[in-house]
Amino acid sequence: MQNLFRRAGCGAALLALLSACGGGSSDAGAPTAPTVPVTEAPSYLVGGTVSGLVPGAQVVLANGAEKLTVTANGAFRFAGKLAPGASYEGKIDSTSEGLGCIMANAAATVGNADVNTLAVRCLPVVLAGVQEKIQNVSGMVQDKAGNYYVADAVRQVIHKVTPAGASSVYAGISGKPGADDGAAAAATFHMSIGLSILAIDRAENLYLFDNCNALLRKITPAGVVSTVAGQRSAACNWASPDAVVADGQGAQAQFAWTTGMAMDSNGDVLLADSMGQSIRRVTPGGLVSSEKLVDSRGGYIYRNWPSMPAVPSTSVKALAADYSACSRAWPSWLRETTSA
């Protein structure tokens, strides 16, 4: 009897051993499928550097819907990754009061590495003393009621000053350059210091040639900002390629550096183009055409100084007085162009 139990115990142990080793299974000889590693598609970060922040100040940066608050100088990166070939466009969303910031190399496409070329440069609007409402007068025009509109290229806003001397921000966001249309309080501009040209038509629409964006902008009396013509470009980034000049409708047109603006009796905007040697005519509907300017000898004269087209009330002829490139002491040439 003991021998019987002994044999049964040995048999059970043998079966357990065979089972652990895979013995007795019909799948003992089946090959195991290899594990294939999952390869992630490459994606890269977008970032750059911030400089000029003062202690306690901050700048909020945006890339698409993503926003990033930066409180110290140095490197930054947006959290979201982008695939090679994807486009990005960095923007200044907002800044601390009294701080102005610009972003260079803001838009491009992602290559095969992280992007670290966005360059944000900030500067306090006031370095010392008491902050004034108007930091810079880069352009000014007066309406029929006697109100002055002042282009402030430091704060990137347009001020309105009443005959009584009351000042308010008419359009733009202080310290935030951009090209956003819409309600005047939410619109953004990128004006050039010393040359931000304003004009008003008979309907009291205010026009601004936004030189750093190369856009003609309009602000209606109701406070709505729109882009009349032009393709946005980084015109104030001197590392950018030379501007392309093109006529056409609305966004098909392209502008170079513009040094003067006036309205004619048809309601057209006349722009003095210092690079294209021409007067650019923009209709109220946004159609852009060019009229070349020549002197009495039939030659084009280069203009590098501000040039203001003057329009007689009895004519739709544009008169342009321009300075020689060599010296202000040289004679100015008066040239006349006739509308078609």
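A short tour of the structure in this document, coming up.

Parameters and conventions
Residues numbered from 1 in each chain as written. Predicted model: local features only at pLDDT ≥ 70, side-chain atom pairs only at ≥ 80, totals over all residues. Heavy atoms only, no water. Phe/Tyr/Trp six-rings, centres within 6.5 Å; stacked < 30°, edge-to-face > 60°. Helix = DSSP H or I, 4+ residues; strand = E, 2+ residues; numbered from the N terminus. Buried < 20%, exposed > 50% of the residue type's maximum accessible area, 1.4 Å probe, protein only. Pairing = 2+ DSSP bridges. Axes fitted to C-alpha atoms, helices over the stretch in contact; angles between N-to-C directions.

Before going further, it helps to examine the packing of aromatic side chains. For the structure shown, the criterion picks out three aromatic pairs. With a centroid separation of 5.0 Å and an interplanar angle of 65°, the aromatic rings of Tyr149 and Tyr170 are classed as edge-to-face. Of this pair, Tyr149 sits in strand β10 (residues 148–152) while Tyr170 sits in strand β12 (residues 167–172), and the two are 21 residues apart along the sequence. Tyr170 shares its class with Tyr149; the two are buried. Taken together, a centroid distance of 5.4 Å and an interplanar angle of 85° make the contact between Phe209 and Phe255 edge-to-face. Pair noted here: Phe209 is in strand β15 (residues 206–210) and Phe255 is in the loop between β18 (248–249) and β19 (258–263), with a separation of 46 residues, a long-range link. By the burial criterion, Phe209 is buried, and Phe255 matches it.

A separate point is the sheet that holds strand β5 (residues 87–95). In a beta sheet, neighbouring strands pair by backbone hydrogen bonds and run either parallel or antiparallel. Strand order in this open sheet of four strands is β3-β2-β5-β7, and the pairing throughout is antiparallel. Among the strands making up the open sheet, the edge pair consists of β3 (66–70) and β7 (107–109). In this sheet, neighbouring strand axes are inclined to one another by 25° on average, regardless of whether the strands run parallel or antiparallel. Sheet topology note: the β5/β7 ladder contains three bridges and is antiparallel. Across the sheet, Ser87 pairs through a bridge with Thr109, a residue of β7.

Interpretation note: all reported values are geometric properties and have no functional meaning in isolation.
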